[in-house]
Amino acid sequence: VQLVESGGGLVQPGGSLRLSCAASGFTFSDYFMSWYRQAPGTDRELVATISNAGSRTNYADSVKGRFTISRDNGKNTVYLQMNSLKPDDTAVYYCRVLFRSTIYWGQGTQVTVSS
């Protein structure tokens, strides 16, 4: 299993970014996918989850209405569209899959929201 995130960077408050996570090594369309984030000195926290077909999504209260998780099963990729970004959104963002009772993480992509 391999998960490779991309799309992070430096953005001003109120700006937008779209993160991507390219997956391989498993049947992508069979599994729920999640985005997590971890800011310095804090625990990793769940940001959003999407069902295998993409019909169901869940979000942390802190990002509801601003972030959108989606997936393209034809491209084995999950996305996180982040709008109205705030400095508190600064963190390393990771995608995650639970595959055969093992949790797999990508290497993470840094998102920094600052003026």
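Refer to the structure presented above.
So, how was this worked out
Residues numbered from 1 in each chain as written. Predicted model: local features only at pLDDT ≥ 70, side-chain atom pairs only at ≥ 80, totals over all residues. Heavy atoms only, no water. Buried < 20%, exposed > 50% of the residue type's maximum accessible area, 1.4 Å probe, protein only. Helix = DSSP H or I, 4+ residues; strand = E, 2+ residues; numbered from the N terminus. Pairing = 2+ DSSP bridges. Patch = residues over 30% accessible without salt bridge, like charges linked within 9 Å, V, L, I, M, F, W, Y side chains within 5 Å. Areas by Shrake-Rupley, 256 points an atom, 1.4 Å probe, with all protein chains shown as cover. Salt bridge = Lys/Arg side-chain N within 4 Å of Asp/Glu carboxyl O.

> Is there a simple way to explain the pairing of strand β4 (residues 33-38) in this structure?
Along β4, 5 of the 6 residues are buried, which leaves the element largely enclosed by surrounding structure. Where β4 lies against strand β5 (residues 45-50), 5 bridges are found, and the strand directions are antiparallel. Bridge pairing in β5 places Arg37 opposite Glu45. If you look at the hairpin formed by β4 and β5, you'll find 6 residues sitting between the two strands, and Gly41 has a positive phi there, around 80°. One ladder, built from 5 bridges, connects β4 with strand β9 (residues 91-99); its direction is antiparallel. Looking across to β9, one finds that Trp35 is bridged to Cys95.

> Explain a nonpolar patch on the surface here, please?
On the surface, a nonpolar cluster with roughly 270 Å² of combined accessible area is contributed by Leu98, Ile103 and Trp105. Relative to the assigned elements, Leu98 resides in strand β9. Here Leu98 falls in the partly exposed class, since its relative accessible area comes to 43%.

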